[in-house]
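Remarks on the overall topology
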Amino acid sequence: MKTVYSILLSFLSVVSICAQDTMVYKKVLSGHNGPVEAISFSNDGHYFASGGWDNSVRLYSIDSTQQFEYLRTLSGHHAAVICVAISPDNRYVATSSKDCTFSVYELETGKLRFTSRDHKKAVTQVFFDPSSQILITASEDGTARVYRVQDLEQVSPKSLELKYDSKINGAQLSPRKGKFLIATDDSKAVEIDINGKISARFAGHTARVGCLDVSHNRRILATGSDDKTIKLWDIKTRKLRYTLEGHGWKVTSVHFSADDRYLISSCNNGEVKIWDVKLGNEVSDLPKLGTNARQAMFSPDMKRIAVATFQSGSKFGPIIYQTPYEKQSRKKKSKKRPNKK
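How each quantity is defined
Residues numbered from 1 in each chain as written. Predicted model: local features only at pLDDT ≥ 70, side-chain atom pairs only at ≥ 80, totals over all residues. Heavy atoms only, no water. Helix = DSSP H or I, 4+ residues; strand = E, 2+ residues; numbered from the N terminus. Buried < 20%, exposed > 50% of the residue type's maximum accessible area, 1.4 Å probe, protein only. Polar contact = N/O pair within 3.5 Å; in protein donor to acceptor, adjacent residues only side chain to side chain. Contact = heavy atoms within 4.5 Å. Phe/Tyr/Trp six-rings, centres within 6.5 Å; stacked < 30°, edge-to-face > 60°. Pairing = 2+ DSSP bridges. Axes fitted to C-alpha atoms, helices over the stretch in contact; angles between N-to-C directions. Salt bridge = Lys/Arg side-chain N within 4 Å of Asp/Glu carboxyl O.

On to the side chain of Q125. Tracing the backbone through its elements, the reader meets Q125 in strand β10 (residues 123-128). Classification of Q125 as buried rests on a relative accessible area of 13%. At a separation of 2.5 Å, a polar atom in the side chain of Q125 contacts the main-chain amide nitrogen of A171. Those residues in contact with Q125 that lie beyond four places of it in its chain are C83, S96, I136, T137, A138, G170, A171 and Q172.

Shown next as C-alpha cells:
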C-alpha cells in the first residue's frame, strides 16, 4: 500500500511540474561593465532602468512591440548601485548606492537634479509613492527618510527621519495613513509612524528580512528572508496568510504583479519563482541561473519579466523573459437600476 501511495505522490508531483507556466528567454540587455543589482519598470511600461556594480544606471525606452531601446547612462555614484526607481509620473529616476548616497535624475534629459548624503551607510532602497509626491529611502544605518519630491531641487531639502535599532533593508508606505512598513535585520517587518513608534509587527521569520512589497490593492504584505522563505501577511489583521517555501538560499526580492494575482521572487542561488497569491503555491520556476539573482520584476502589462543578475562573462545586463500572462483588469460592480414602468 505504501508503495502505491508513493507512486501516486510521484505522479502528482510530475503532473504539477509539467503543468507549470512556461517563461521564454528573450534576451540580455547587455551594456553594463559589471553585475546587475537593480531593475525598475515605469508604471506605464514605457521605460526600464537597470543599475549595477559598474556604479551606473542604464535607461531604456520600450516601444509598442516590446522592444527595448537604449537611451542613456546615468553616472555619478562611486560604488555599486543597489536600487533604482522611476517615478509614476515619469519625471524622475532615483538611484541608491553602496556609497551611502542617493541621487535623483530627470528621466527625459538624464540631468542630475539632486544627490543626498543624509545617510551614513549604504542606501538600500528608493521608493516613490503612487502620487509621485513622496520619495522614501532606506539605509543600513537604521534610518528611513521621507522627502517631498518638489523639495529635491533645493540645496538642502528637509526630510522626515524614521529611526530603527537595526539595519533597514526596504521601506514602503503602509496603507494606514502616516505609517510606513520597513524590512529589518532583526527577523521581522514592522509598521512605524512618523515618530518611529512601532504600531505593528509582522514576526515569524527566523533570519534577516531582506525585502518587502505591498500589493497594489494595499491589502497584502510580502516579506522575503535569509531563512529561504517568503511570507504573505494580511496587513489589516496582521495575520499570516501563507509561508512560501522552495527557495534554496536567501530571498533577494519579492514583487507583486500589476493585478496582484502573482508574486515573483528571486534568490541568491539564481532561482526565480512565481507564486499564486490567492492559493499560496508555486506556478512557475524559471531555469536556474548560474549565479546570484538579485531582483525579479513583472512589466506592468505582465507580458515580460526582467531579472537582475550577477551574470558573468562577456555580457552583463538584466535578462528579459516572455510570460504567458496578461494583466487582468478588475471588474467594477455595476449598480442595477430599477426598471421604470
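Let us look at the packing of aromatic side chains. What the rule picks out here adds up to 11 aromatic pairs. A ring pair is formed by F48 and F68, whose centres lie 5.6 Å apart and whose planes are at 90 degrees; its orientation type is edge-to-face. In this pair, F48 is assigned in strand β3 (residues 47-52) and F68 in strand β5 (residues 68-74), connecting sequence segments 20 residues apart. Here F48 matches F68 in class, with each residue buried. Taken together, a centroid distance of 4.4 Å and an interplanar angle of 25 degrees make the contact between Y262 and Y325 stacked. Here Y325 lies in the segment after β28 (319-322) and Y262 lies in strand β23 (residues 262-267), a separation of 63 residues in the sequence. Taken as a pair, Y262 and Y325 share a single burial class, namely buried. Taken together, the aromatic side chains of F41, F48, Y60, F68 and Y70 make up a single cluster linked through ring pairs.

Strand order across the open sheet formed by 4 strands is β10-β11-β12-β13, with antiparallel pairing between neighbours. This sheet does not close on itself; its edge strands, each paired only once, are β10 and β13 (159-163). Ignoring strand direction, the axes of neighbouring strands in this sheet form an average angle of 15 degrees. Bridge analysis of strand β11 (residues 134-139) against strand β12 (residues 143-148) gives 5 bridges, and the strand direction is antiparallel. Across the sheet, residue A138 finds its bridge partner in β12, namely A144.

Now for the pairing of strand β6 (residues 81-86). For β6, the buried fraction is high: 6 of the 6 residues fall into the buried class. Bridge count between β6 and strand β7 (residues 92-97): 5 bridges; the pairing is antiparallel. Paired with V84 across the strands is T95, a residue of β7. Counted along the chain from β6 to the antiparallel partner β7, the turn is 5 residues long, and its residue N90 has a positive phi close to 60 degrees.

So, on to unusual backbone geometry. Non-glycine residue N55 carries a positive phi angle of around 70 degrees. Tracing the backbone shows N55 in the loop between β3 and β4 (57-62). For K228, which is not glycine, the phi dihedral falls at a positive 80 degrees. Tracing the chain through its elements places K228 in the loop between β19 (220-225) and β20 (230-234).

Attention now goes to the sheet that holds β4. Here we have 4 strands laid out as an open sheet, ordered β2-β3-β4-β5, and antiparallel in their pairing. The open sheet has two free edges, formed respectively by β2 (36-41) and β5, since each of these has just one partner strand. Adjacent strand axes in the sheet meet at a mean angle of 20 degrees when their direction is disregarded.

The next thing to look at is the pattern of salt bridges. Counted by the stated rule, this structure contains 12 salt bridges. Among the salt bridges present, the one from R241 reaches D234, with a minimum N-O distance of 3.4 Å. The exposure class of D234 is buried, given its relative accessible area of 18%. A salt bridge links R261 to D259, with the nearest nitrogen and oxygen atoms 2.6 Å apart. Classification of R261 as partly exposed rests on a relative accessible area of 24%. Three or more residues are tied together by salt bridges with common partners; here these are R145, E161 and K163.

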